[in-house]
Amino acid sequence: MCTMMIYCPNLTKLKTKPIVYQKVISSRDSSTREYLTELSTKRKAIVDSVDENTSNSEQDIQKLEDYLPLLENLVHHLNVRAKNRAMLTWISDLKIRWSSVLTSSSMFNLGGPKLYQVNDINFELGMNLFLYGAILRDRAFKVLLSSDLVQSAALLRKAAGVYSYLSREILIYLTPDEDRTPEATPHISSVLSLICLAEAQAVTARKAAENGKSDGLLAKLHCGVTEFLAEAADILLQVTTKECKDISSRLMDYILSCKTLHELKCNKYIVEGLDKNDDKVVGIAVGVLRRALLSAKKSMPKEDSLRLLLKQEIIDDLTSLLGRYERQNEFLWHGKLPCATDLPSPEAVRIVSIIPYQPQKSAKKLFFKM
């Protein structure tokens, strides 16, 4: 993706099956039946979009923003009567099924994606919110191509807010089920919220560089990106060892690759910000660059394509810079290299936060035949 310069698996490629609400849920009046028919129509528009190979993210965002308020209202009404026998039968008969884009098995299923059925209306809400966050994020990267960094960062912060809301307010009510998608677990939404914040801060750092901000500030901003990603990696590691062992390694590879990239950028700006009048600057630069490149070597991703991208994006550049400083130190300064404890340490500043998701639940009263 454009912000990180590293590919991330596309989170929007979810699949689902149609649901015709009015054929399953018994309405007590025509107004409720019309509401359920409208809900089915708006959901079909989303199903048709995700089934297409190409999509328009702006239109897809609007379709979800049309569907979600109606769905949230239905979820509210059904949850009030969650233990009613007729209600339980209806939800089961809806056959709410979604695929996953995060499982390792989904990458190799030649017969089409596996569909997970969870008999809980919160699953339908959760998967649509997940898709909404993914499309917002996808839109952010498309906007970034036009160099609108401010809008791109705002969209990423908005996506982070959707995932945060999904984690805290929706998925905690979903009954634990071994056969549900990773997308329907609170911790995965927390991971994606942090990734979106890291990406938003990366865009902000790029904007700061374009505005000529100091090397010291740029180093702190990139270090802030690595903090978001380190937090995401810690949560994902817990998830893959305890909750969802089938998650594709590509997600962790993406997180670690981006973390390594921004650690290297941070150290590059530390070196560029050194006081050139200090006679120890060359030795300090050598120490900082050696430390950074050694750390990167220890945390390189497994995928060859990601390793190559890191090499092309920054490692070759820093290796060349290190060589130049080493030659200066050897032939001109003959300086003793400082020990690790005397090297400047990266400092992190986080300047982005989520834009909270505000659900726009319809106020329509619904009446059912129980």
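Residues numbered from 1 in each chain as written. Predicted model: local features only at pLDDT ≥ 70, side-chain atom pairs only at ≥ 80, totals over all residues. Heavy atoms only, no water.

Q: Residue-level account of the environment of Arg-137, with values.
A: On the secondary structure map, Arg-137 appears in helix α5 (residues 121-145). Exposure remark for Arg-137: the relative accessible area of 4% places this residue in the buried category. Distance in space between the C-alpha atoms of Arg-137 and Leu-155 is 6.5 Å, their sequence separation being 18 residues. At 2.7 Å, the side chain of Arg-137 forms a polar contact with the side chain of Glu-199. (Helix = DSSP H or I, 4+ residues; strand = E, 2+ residues; numbered from the N terminus. Buried < 20%, exposed > 50% of the residue type's maximum accessible area, 1.4 Å probe, protein only. Polar contact = N/O pair within 3.5 Å; in protein donor to acceptor, adjacent residues only side chain to side chain.)

Q: Tell me what's going on with the packing of aromatic side chains, and back it up with residues and numbers.
A: Taken as a whole and judged by the stated rule, the model has four aromatic pairs. Arranged with centres 5.4 Å apart and planes meeting at 70°, the rings of Phe-130 and Tyr-163 form a pair that is edge-to-face. Of this pair, Phe-130 sits in helix α5 while Tyr-163 sits in helix α6 (residues 149-170), and the two are 33 residues apart along the sequence. Neither residue differs from the other here; Phe-130 and Tyr-163 are each classed as buried. (Phe/Tyr/Trp six-rings, centres within 6.5 Å; stacked < 30°, edge-to-face > 60°.)

Q: Quick rundown of the packing of helix α9 (residues 249-272) against helix α10 (residues 281-298)? Include the residues and the values.
A: Between α9 and α10, the least distance of the axes is 10 Å, while the angle of their chain directions is 180°. Between α9 and α10, the interaxial angle falls into the category roughly antiparallel. For the pair α9 and α10, the contacting residues are Thr-260, Glu-263, Leu-264, Asn-267, Ile-270 and Val-271 in the first and Ala-285, Val-288, Leu-289, Arg-291, Ala-292, Leu-293, Ser-295 and Ala-296 in the second. For the contact of α9 with α10, a count of residues per class yields nine nonpolar, three polar and two charged. (Axes fitted to C-alpha atoms, helices over the stretch in contact; angles between N-to-C directions. Parallel < 35°, antiparallel > 145°, perpendicular 65-115°, else oblique. Contact = heavy atoms within 4.5 Å. Nonpolar A, V, L, I, M, F, W, Y, C, P; charged D, E, K, R; others polar.)

Q: Run through the pattern of salt bridges, naming residues and quoting values.
A: A full pass over the atoms with the stated rule returns 16 salt bridges. Here Lys-158 and Glu-65 are joined by a salt bridge, their closest N and O atoms 3.8 Å apart. One end of the pair, Lys-158, is in helix α6; the other, Glu-65, is in helix α3 (residues 57-80), and 93 residues separate them in sequence. Residue class for Glu-65 comes out partly exposed when judged on its relative accessible area of 30%. With a shortest N-O distance of 3.0 Å, Asp-317 and Lys-268 are connected by a salt bridge. With a gap of 49 residues between them, Asp-317 in helix α11 (residues 304-333) and Lys-268 in helix α9 connect regions that are remote in the sequence. Relative accessible area serves as the criterion here: at 23%, Lys-268 is assigned to the partly exposed category. Here the salt bridges do not stand alone but share partners, grouping Glu-227, Glu-231 and Arg-350 into one network. (Salt bridge = Lys/Arg side-chain N within 4 Å of Asp/Glu carboxyl O.)

Q: Break down the environment of Thr-32 for me, citing the residues and quoting the values.
A: Tracing the backbone through its elements, the reader meets Thr-32 in helix α2 (residues 30-51). Residue classification places Thr-32 among the buried residues on the basis of a relative accessible area of 0%. Separated by 333 residues in sequence, Thr-32 and Lys-365 place their C-alpha atoms 7.9 Å apart.

Q: Before we move on, could you go through the side chain of Ser-99 and cite the residues and values that matter?
A: Counting through the fold element by element, Ser-99 comes out in the loop between β1 (97-98) and β2 (116-117). Residue class for Ser-99 comes out buried when judged on its relative accessible area of 1%. Among the polar contacts made by the side chain of Ser-99, one reaches the main-chain amide nitrogen of Lys-15 at a distance of 2.7 Å. Sequence-distant contacts of Ser-99, defined by excluding residues within four places in its chain, comprise Lys-13, Leu-14, Lys-15, Pro-113, Lys-114, Leu-115, Tyr-116, Met-127 and Thr-181.

Q: I'd like a description of the packing of helix α7 (residues 186-210) against helix α8 (residues 215-242), backed by residues and values.
A: Viewed as axis vectors pointing N to C, α7 and α8 meet at an angle of 165°, and their least axial separation amounts to 9 Å. As judged from the angle between their axes, α7 and α8 are roughly antiparallel. For the pair α7 and α8, the crossing hand works out as left-handed. For the contact of α7 with α8, the per-class residue count stands at 19 nonpolar, five polar and two charged. (Left-handed = near helix turned anticlockwise from the far one by under 90°.)

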